[in-house]
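The chain contents come next:
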Amino acid sequence: QVQLVESGGGLGQPGGSLRLSCAASRTIFIFSAYTIKWYRQAPGKERELVATTISGGNTNYADSVKGRFTVSRDNAKNTVYLQMNSLKPEDTAVYYCSLRDRGTDYWGQGTRVIVSS
């Protein structure tokens, strides 16, 4: 069973930074082959795709975070990171990572980010 564990959320200040982590279980033996996606959902809003990293190393970002967020991966540690810089209050949301394995999407439990003074 694929397990994803997220961490790194909390309270950030406008203009500050946070780093989120998504660690996958050891049942994934070739982590580098997987595409990992970061989503977020704010109260009263639809889920938004924030960033994607694929096995070839390419990354994609939503316009709302482009230039501020960076996704990276450490395949040896089965971990994906989301570096969040220049935080804005509108970044406040629950952040999730997601991975697809054999046609099934797996999700972490989510980590809450609040950006406020």
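For clarity, every value in this text was computed on a predicted model and none was experimentally measured. (Residues numbered from 1 in each chain as written. Predicted model: local features only at pLDDT ≥ 70, side-chain atom pairs only at ≥ 80, totals over all residues. Heavy atoms only, no water.)

Draft legend 1. Fine view of the nonpolar core. W38, L82 and Y95 are the most contacted members of the largest nonpolar core, which has 29 residues in total. Of all the secondary structure elements, the ones that give two or more residues to this core are β3 (18–24), β4 (36–41), β5 (48–53), β7 (69–74), β8 (79–84), β9 (93–101) and β11 (111–115). Not counting residues up to four positions away in its chain, the partners in contact with Y95 are E6, L20, Y39, R40, V50, F69, L82, M84, G110, T111 and V113. (Core = buried A, V, L, I, M, F, W, Y, C linked by side-chain atoms within 4.5 Å. Buried < 20%, exposed > 50% of the residue type's maximum accessible area, 1.4 Å probe, protein only. Helix = DSSP H or I, 4+ residues; strand = E, 2+ residues; numbered from the N terminus. Contact = heavy atoms within 4.5 Å.)

Draft legend 2. The pairing of β7, seen in detail. Alternating residues of β7 divide into F69, V71 and R73, all buried, and T70, S72 and D74, none buried. Inspection of the sheet shows β7 paired to β8 by six bridges, in the antiparallel sense. Counted as the bridge partner of S72 is Y81 from β8. Linking two consecutive strands that pair antiparallel, namely β7 and β8, is a turn of four residues; a positive phi of about 55° is found at N78 within it. (Pairing = 2+ DSSP bridges.)

Draft legend 3. The arrangement of the pattern of salt bridges in detail. Tallying each qualifying case throughout the model produces six salt bridges. A salt bridge links D63 to K66; its shortest N-O distance comes to 3.3 Å. According to the relative accessible area criterion, D63 is exposed, its value standing at 69%. The exposed category is assigned to K66, whose relative accessible area is 51%. Here D91 makes a salt bridge to R68, at a shortest N to O gap of 2.8 Å. Here R68 lies in the loop between β6 (59–61) and β7 and D91 lies in the loop between β8 and β9, a separation of 23 residues in the sequence. On the basis of relative accessible area, R68 is assigned to the buried category, the value being 10%. (Salt bridge = Lys/Arg side-chain N within 4 Å of Asp/Glu carboxyl O.)

Draft legend 4. Structural view of unusual backbone geometry. Here the phi dihedral of N78 falls at roughly 55°; this positive angle occurs in a residue that is not glycine. Mapped onto the elements, N78 comes out in the loop between β7 and β8. Using a relative accessible area of 12% as the deciding quantity, one classes N78 as buried. A positive phi angle is found at R102, which is not glycine, with a value near 50°. Relative to the elements of secondary structure, R102 occurs in the loop between β9 and β10 (104–107).

Draft legend 5. Region of the structure containing the environment of D63. Relative to the assigned elements, D63 resides in the loop between β6 and β7. Along the chain, D63 and F29 lie 34 residues apart, while their C-alpha atoms are 33 Å from each other.

Draft legend 6. Spatial organisation of the confidence of the model for the chain. When the pLDDT values of the chain are averaged, the result is 93; 100% of them are 70 or greater. Averaged over each element, pLDDT in the chain is lowest for β10 (92) and highest for β11 (98). (pLDDT = per-residue confidence, 0-100.)

Draft legend 7. Broad picture of the sheet that holds β7. Read from one edge to the other, the open sheet built from four strands follows the order β1-β3-β8-β7, with strand pairing classed as antiparallel. In the strand order of this sheet, the two ends are held by β1 (4–7) and β7, each with one partner. Each strand of the sheet is rotated relative to its neighbour by a mean of 15°, with strand direction disregarded. Direction of pairing for β3 relative to β8: antiparallel, over a ladder of six bridges. Bridge pairing links L20 to L82 in β8. (Axes fitted to C-alpha atoms, helices over the stretch in contact; angles between N-to-C directions.)

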